[in-house]
Structure formats: structure tokens, C-alpha cells
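Fold and contact review
These are the residues of each chain, in order.
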Amino acid sequence: MATFEEIARNLRRSETISIGLIVPDNSNPFFAEIARGVEDVCFQEGYRVFLCNSDENPDKEYHYCQSLINQQTAGVILISARQAIDTARRLIERSIPVVQVDRELPDVATDVILADSYGGAYQATRYLLDLGHRRIACLTGPTLRAVIMQRLAGYRDALTERSITPDPVLIHSGSNARFETGFTAAPILLGLPDPPTAVLSFNDLMAIGFMHYAAEAGLAVPEQLSVVGFDDVRLARFVLPALTTVAQPKYEMGRQATELLLRRIRGEDSPPVRRVLEVSLVVRNSTAPPGGARPQ
Ligand code: RIB
């Protein structure tokens, strides 16, 4: 590990190398925790990191791509906005190494670091079924993302294995994957003639927004409604009740992606690496059997 003096000397070097990190929403702690893994490796290796927020907007993402090319960025870690492939293709045609994280683009041959989205949603849905829930709603966020389609497949497969036909009225997408989408989805889902007794959200922010509505409406979580999130951002354990969620290895995703990128920058030309890291269900206090009798 480099000493702080060596690191300081590297950063003073005029030719200090920089990398780009393009994320879809820098206000979402999921991406912030990935960025932490990226920054720790870069700091140790004397690289600068340019953080670019695409706001899930492919045009803004491409604008940043051009900026990174113009300032001769040595490589880019890309979490793509809604399956947009122009940025990745532009960087590759300019021979700038790219590592994709979290979201894999079709027909783009780069190193990729993913987490097991299918397995996480399948595991979470099975957990709710084992608690006795049968009407399980799903907050997806915008569906034009490979990770979301994989989670939907895991959710649906877990239901059909128990001979439950997924009910489309229980699947809510919304315009973004933020707190507000969970908050506005709650009255719609809870107002159904046959409302859900549990909700699986494809990220923690929407789950927390849903729980906020439930609290304001006087609906007790988990006694009257179970809620499961996805990501396990640090906030998840401090909301009340603490959120049951699927933990993604956020820091490790950032760390491994950066190590792969630095190897490419240094000239490694081996075939692309594709890793799918494990996720795990973290059971906290936002889930219980229907009716709320918590397991002893
Ligand atoms: O919270 C943001 C979500 O979108 C995460 O689940 C992550 O997988 C990203 O794609």
C-alpha cells in the first residue's frame, strides 16, 4: 500500500491519470457506496476520479462521455442510464477502457461486475411466501434496465413455483426509483379491492417511501404490512422499523471494477471478465407473517 507521501507525490505529478465514474443518480446512496470502493482504490494508486451524474438520462450521459474523452481520461467505470449503449460504444471506439458495473449492456464486450439480481428477488419473494404472504406487491422503478427485468423474473418464478399467478395490478413501476415513487405507489396498492399484505421493492429508497406513507396512514409495519427493500444502503438499518432488504456488495463492486479498469489502463488485453457477486437477504424488523405474529 502506498504511503500518503507517495500518494501526494503522484497527485502532484502533472501527468496524474484520471478515470471517469458515470452513475445514474448520485443522490442515491447505493451509487455513493459503489463510488467509495472506486475512490479508495484510486486514492491508493494515485489516480483522480471524475464523478459524472447522468440522472438516468442517456443524453446527459453521452455529454459526460464526450467531456471525459476531451480531457483524456484513461478509463471509465460505467453504470449505464436505462440501457443506453452510445456512451459505451463511443468510449470503446476511442480505445478508452470501460468497465460496466451493476447494469450490463447488450453486445458491449467489456469487463462487467454485477450482483445477482435474479437470485436476490427470488430469495426475498420466497422469504415472504414462507412467512405466509400470498398477495405480494412489487415496486420495480423504471423497467428499462436489465437488473430490473432480472429481479422481476426472480419475483415471478418464486410465485409460480408456489402455484401463484403473478397479478399485474400488484406490480408498480413509477417514473423513477426514488422515495417519492414508493410514497405515491402506496395508496394505489393499498387501495386495491384485494390489497397486498407484503411489498417487495427493487430498491431501499422506494421501500422507505412506501413505509413513510404507511406510517402516515396509521398502517403498522410489520403487524399489518410487510416491506422488503433491495440494496441495503446504510440508511436501511436506521429507519423505523429497520428495513429487511437484499444486501448488494456495493463497496466490493466498486473496488473490483476499479482494479479491473486499472489493469486495462496498464495494458492488459485478456478476454473480458464477467463476475456476478452474491447478494444476501438481511432480515430486520419490517417483515412478519400476515397479521403480524412475529416468529418466535
Ligand atoms: O437503487 C438503485 C438501484 O438501481 C439498485 O438496486 C441498483 O441495482 C441500480 O441498478
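Shown above is the structure to which this text applies.
Attention here is on the structure that accompanies the text. These numbers come from a predicted model, not from an experiment. (Residues numbered from 1 in each chain as written. Predicted model: local features only at pLDDT ≥ 70, side-chain atom pairs only at ≥ 80, totals over all residues. Heavy atoms only, no water.)

With that out of the way, let us pick up the nonpolar core. Core analysis: the largest hydrophobic core is formed by 69 residues, its most contacted members being I19, I77, V101, Y155 and L243. Formed by 13 residues, the second largest nonpolar core is a distinct cluster that contains L68, I69, A88 and L91. (Core = buried A, V, L, I, M, F, W, Y, C linked by side-chain atoms within 4.5 Å. Buried < 20%, exposed > 50% of the residue type's maximum accessible area, 1.4 Å probe, protein only.)

Another point: the pattern of salt bridges. Pairing between side chains of opposite charge can happen when the charged atoms of each approach one another. Tallying each qualifying case throughout the model produces 20 salt bridges. With a shortest N-O distance of 3.3 Å, D102 and R103 are connected by a salt bridge. The two residues D102 and R103 agree in class, both being buried. Note that D130 is salt-bridged to R162, the shortest N-O span being 2.5 Å. Pair noted here: D130 is in helix α5 (residues 117-131) and R162 is in the loop between α6 (146-161) and β7 (171-172), with a separation of 32 residues, a long-range link. (Salt bridge = Lys/Arg side-chain N within 4 Å of Asp/Glu carboxyl O. Helix = DSSP H or I, 4+ residues; strand = E, 2+ residues; numbered from the N terminus.)

So, on to the site of the ligand. In the region of the ligand, the neighbouring residues are N28, F30, F31, D102, R103, R145, V147, R151, F202, N203, D231 and Q248. In the model, an oxygen atom of the ligand is placed 2.6 Å from a nitrogen or oxygen of the D231 side chain. Between the ligand and Q248, the relevant distance is 3.3 Å, taken from an oxygen atom to a side-chain nitrogen or oxygen of the residue. Across the complex, the protein chains shield 98% of the 280 Å² of accessible surface that the ligand would expose by itself. Those elements giving two or more residues to the shell around the ligand turn out to be α2 (29-45) and α6. (Near = heavy atom within 4 Å. Polar contact = N/O pair within 3.5 Å; in protein donor to acceptor, adjacent residues only side chain to side chain. Areas by Shrake-Rupley, 256 points an atom, 1.4 Å probe, with all protein chains shown as cover.)

Backbone torsion omega between V221 and P222 reads 10°, so that peptide bond is classified as cis. One can find P222 in the loop between α8 (204-216) and β9 (226-231). Cis rather than trans, the peptide bond between L240 and P241 has omega equal to -10°. In this fold, P241 is placed in the loop between β9 and β10 (244-247). For D55, which is not glycine, the phi torsion reads 55° and is therefore positive. Counting through the fold element by element, D55 comes out in the loop between β2 (48-53) and α3 (58-70). Residue D55 is classed as partly exposed on the basis of its relative accessible area of 39%. Look at Q72: it is not a glycine, yet its phi comes out positive at around 55°. Checked against the element boundaries, Q72 lands in the loop between α3 and β3 (75-78). The exposed category is assigned to Q72, whose relative accessible area is 71%.

Next up on the list: the environment of G37. Looking at the element boundaries, G37 is found in helix α2. According to the relative accessible area criterion, G37 is buried, its value standing at 0%. Between the C-alpha atom of G37 and that of L51, which follows or precedes it by 14 residues, the distance is 13 Å.

Along the chain, N203 turns up in the loop between β8 (198-201) and α8. According to the relative accessible area criterion, N203 is buried, its value standing at 5%. One polar contact links the side chain of N203 to the main-chain amide nitrogen of M206, over a distance of 2.9 Å. In contact with N203, not counting residues within four places along its chain, are N28, A177, G229, F230 and D231. (Contact = heavy atoms within 4.5 Å.)

As a further point, take the pairing of strand β4 (residues 98-101). Burial along β4 is two-sided: V98 and Q100 facing one way and V99 and V101 facing the other are all buried. Relative to β4, β3 runs parallel, the two being bridged by three bridges. Paired with L78 across the strands is Q100, a residue of β4. Note that β4 and strand β5 (residues 111-115) share three bridges and pair parallel. Within the sheet, the bridge partner assigned to V101 lies in β5 and is I113. (Pairing = 2+ DSSP bridges.)

The subject of this paragraph is the pairing of β8. Residue alternation in β8 divides its side chains into two sets, A198 and L200 and V199 and S201, and both sets are buried. Bridge analysis of strand β6 (residues 136-139) against β8 gives four bridges, and the strand direction is parallel. Residue pairing in the sheet places C138 in a bridge with L200 of β8. As defined by bridge partners, β8 adjoins β9 across three bridges and the pair is classed as parallel. Paired with L200 across the two strands is V228, which belongs to β9. In this region the chain leaves β8, passes through α8 and returns to the parallel neighbour β9; the handedness of that crossover is right-handed. (Right-handed = clockwise from strand over helix to strand, strands pointing away.)

Function cannot be read off these values alone, since they describe shape.
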